[in-house]
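Next come the chains, spelled out residue by residue.
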Amino acid sequence: MKNKRYILCYLFVLLAFLKVFPQGGKNEKIEAMRVAFITDKLKLITDESQKFWPVYNDYQDKLKAARQEFKKQPTTFSNDKEAQDYLDAELLLKNREYNLYKEYYEKIKKTIPIKKVAELRQAEEDFKKELLKQLQGK
Amino acid sequence: MIEKYKQYSLKYMLLSVSLIAAVNTFSQLDTTKKIKAPKHYFTPTLFSDYYVTPDKSIPQIRSRAKGLIEDKIIRNHLKSYQYSQLTGGFYVPLLTRDYERASGNTANFHLLVTGSYMMAMPRFAGISDHNLLKACAGLRGIYNSGKKGIWFFDATPFMSTDLSASCHTAYRWGGVALYDYMANPSLSFRFGFIRTFMFGNRYHLPYMGIRIGRLDRSYFSLQFPQIVTFSFPVGRYVRGGFYAKPMGGVFNMANNDTVYYKNPNEKTIFYGRFEMNYGLRIDANFSKHFSIYVAGGFTGYKHLGFFSDAENATNTTGALNRFYGELFTPSVFANFGFTLRIGRAKSIYKNYNMYEVFNTNSTIGVGSDINMGDGNIPNDIKKKVQANLKMKDVQDLIEAQDLY
C-alpha cells in the first residue's frame, strides 16, 4: 500500500516536470539543424571533427550570449535617452560579434584546412537561406 | 522518525524546485544583468530513482549455491523478503577549465561535487519494517585530453544507518579511478579500479570496459562491473537499451528483532543485498533539461546476506564475513526515475570527447550506482529536423540583407 502511494507521488512529480519542461525547445532544434547542415557541407574527417566542434560550439555559445544580452533591450522608447541606449547596445553587439569572429576565425583555422574555413562561412550563409526557405514554406 | 524524514525530504525538494524556478524567473526579468556564455559543460543536475522487487517467501534456495549460509532459525524468523528503494541525488560542477592546445585540440578539466541519499526499504514478514538510510557526498574529477584519453576519479564517503530503530552509524567510502582510451568515436576502452559495495559486500575490483558504436547512435557497451548494455536511439528524443546490471549495497540495520540471535546483545548488523538485473530501459529526453526513464525486467540472481558489526570491526579493507546468506530464484523488478538539469551548459554538439566524458560520468552512478542516463548526448538520426519556425525564432540569426 505504501509502495503504491510512493509510486503515485513519484508519477505526479514526473508529470509536473513534463509540463514545465516541454519537448525540445526551438533553439535546440535550430542548433541541431545547424550542426547537421554544417556537418553535411564540410565533410569533416574524424580528426578535424574532434578539433573543430569544441571550438565552433564555444564560438556559438559566446555569440548567443551576446545576442541574448542585446535582446533584453526595450524596443519601444519613451525618450531620446532610451533610443540612444538601444543604438549603443546595438553598436556594442556588432563590435562584439566582429571581435568574436576575428578571435574564432584564428582558432578555427588551427582546426581545419583553410579551404574548409571558407566553406564554413558559405555553409553558414546557406543555412540562413535554408531557414528563410522554411519560413517561406509556412 | 521515518515519517518525519519523508516530510522533510518532500519539503526540501519542493523548496529547492521553487527556489530554482524563482531565481530563473528573476534572472530573466533583470535587464541589467550581463549574459555570459556558459562556463561549464555539466549543468547542476538532480536525479531521483525508484526501484522495487516483489515479495518472495523464504526459503528460495538454489542447492549448493555459492554464498549460501543456511540457518533455519533465521529463515523461519524472516519468513519472506521484498525490497524497494528510493534514491535522490545531485552533482554540481565546481570548476571547469578549458585548455587550448597548439595542435588545435581543446582539453578540459571538470571538478564536480556529488551527493545522494538512498532509503532502502527491505521488508521481511517476520520482523519489523526497517528503513535504511545511505547518504553520501563526494568529489569527482574528470580530465579530457581532447585527443584520445580521459581520466576519471571519484571518491565518495557515505554514511549508513537505520532510521527505524537505534543502531550504530557506519562511515564507509566507495571510489573509482579509471582511464578511458577513445580510439575513435565508435570505439573506446576503459581500464581502472573500483571500490564498491554493489555486490552486497565490500569489494576492490578491476574496472574494464569496451564500447563499440557511437554514443549518439546504436552502441554496445560492456563495462565490468557496472553494466552491459545495447543502447539504441528511437527517434530524436528517446533512447532504448537492453541491459544487465548488478544492483546492491551494504546497509547498517538495527538488530532489534534479534536477527542475529547468536548474539542478541549486538545492537547493529549489516544488511547486504545484490541482484543481477536483466531488463529493458527506455529514456525519454524531453529537452536538454529533463529526462525520464522506465525500466523493467527480471532479476536472475538475488542475494540477501547479514553480517555482524562486532565480528567485522577489525576488518576495514577486505570483504565482510556473513553469518547468514540466502539465494532466491528469479523475480521481476521495476525501476523508474527522472533527471533534471538546471541552467545552461556549453554546447557539445558532435564533440565526441565530451560525449565520452558524459557517458563515463553517468555509467559510474553517484553514490548509489544509479545510472542517470545520457540525456545530454543528442541522438544523431538521419531524419531532417523540422523546427516549425517563426520569424522571432530566427531573427537574430538573419541580417536584413539576407532577405534580398
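Residues numbered from 1 in each chain as written. Chains lettered and ligands numbered in written order. Predicted model: local features only at pLDDT ≥ 70, side-chain atom pairs only at ≥ 80, totals over all residues. Heavy atoms only, no water.

## Topic: the packing of helix α3 (residues 46-71) of chain A against helix α4 (residues 80-111) of chain A
And step 1. Between α3(A) and α4(A), the shortest axis-to-axis distance is 10 Å and the interhelical angle comes to 175°. On the basis of the axis angle, α3(A) is roughly antiparallel to α4(A). (Axes fitted to C-alpha atoms, helices over the stretch in contact; angles between N-to-C directions. Helix = DSSP H or I, 4+ residues; strand = E, 2+ residues; numbered from the N terminus. Parallel < 35°, antiparallel > 145°, perpendicular 65-115°, else oblique.)

## Regarding the packing of α4(A) against helix α5 (residues 114-136) of chain A
Residue and element names in this part refer to chain A.
And step 1. Running from N to C, α4 and α5 cross one another at 140°; their axes reach a closest spacing of 9 Å. One finds that α4 runs oblique with respect to α5. Of the residues in α5, those touching α4 at Tyr101, Tyr105, Ile108 and Lys109 are Ile114, Val117, Leu120 and Arg121.
And step 2. Tallied by class, the residues present in the contact of α4 with α5 amount to six nonpolar, no polar and two charged. (Contact = heavy atoms within 4.5 Å. Nonpolar A, V, L, I, M, F, W, Y, C, P; charged D, E, K, R; others polar.)

## A look at the side chain of B:Ser160
Residues and elements named next belong to chain B.
And step 1. With respect to the helices and strands, the residue Ser160 is situated in strand β5 (residues 149-162).
And step 2. When its relative accessible area of 0% is taken as the criterion, Ser160 is described as buried.
And step 3. Polar side-chain contacts of Ser160 include one of 2.8 Å to the backbone nitrogen of Asn252. (Buried < 20%, exposed > 50% of the residue type's maximum accessible area, 1.4 Å probe, protein only. Polar contact = N/O pair within 3.5 Å; in protein donor to acceptor, adjacent residues only side chain to side chain.)

## So, the nonpolar core
All names here are of chain B.
And step 1. Phe42, Ile142 and Phe358 are the most contacted members of the largest nonpolar core, which totals 33 residues.
And step 2. Elements that contribute at least two residues to this core include exactly β5, β6 (170-184), β8 (203-212), β12 (268-285) and α3 (352-363).
And step 3. The greatest single-element share of this core, amounting to five residues, is contributed by α3.
And step 4. Not counting residues within four places of it along the chain, the set of residues in contact with Phe42 comprises Tyr91, Pro93, His110, Leu112, Ile142, Val357, Phe358 and Asn361.
And step 5. Counting residues in hydrophobic clusters, the runner-up holds 27 residues, among them Tyr51, Ile58, Leu78 and Phe323. (Core = buried A, V, L, I, M, F, W, Y, C linked by side-chain atoms within 4.5 Å.)

## What about the pairing of strand β13 (residues 290-308) of chain B?
Residues and elements named next belong to chain B.
And step 1. Most of β13 sits inside the fold, with 14 of its 19 residues counted as buried.
And step 2. Two strands pair when backbone bridges link them, and β13 and strand β15 (residues 331-341) are joined in this way by 10 bridges, in the antiparallel orientation. The residue bridging Ala295 from the neighbouring strand is Asn335, located in β15. (Pairing = 2+ DSSP bridges.)

## Focus: a positive patch on the surface
And step 1. A cluster of like positive charges, contributed by B:Lys34, B:Lys36, B:Lys39 and B:Arg97, occupies part of the molecular surface.
And step 2. With respect to the helices, strands and loops of the structure, B:Lys34 is situated in the loop between α1 (2-29) and β1 (45-57). (Patch = residues over 30% accessible without salt bridge, like charges linked within 9 Å, V, L, I, M, F, W, Y side chains within 5 Å. Areas by Shrake-Rupley, 256 points an atom, 1.4 Å probe, with all protein chains shown as cover. Salt bridge = Lys/Arg side-chain N within 4 Å of Asp/Glu carboxyl O. Lys, Arg positive; Asp, Glu negative; His and termini not counted. Charge placed at Lys NZ, Arg CZ, Asp CG, Glu CD.)

## A closer look at the pattern of salt bridges
And step 1. For the coordinates displayed, the defined rule picks out 29 salt bridges over all chains.
And step 2. Here B:Glu100 and A:Lys107 are joined by a salt bridge, their closest N and O atoms 3.0 Å apart. Pair noted here: B:Glu100 is in strand β2 (residues 80-100) and A:Lys107 is in helix α4, and the two residues belong to different chains.
And step 3. With a relative accessible area of 48%, B:Glu100 lands in the partly exposed category.
And step 4. It is possible to trace a salt-bridge network through shared partners that takes in B:Arg214, B:Asp216, B:Arg217, B:Lys350 and B:Asp380.

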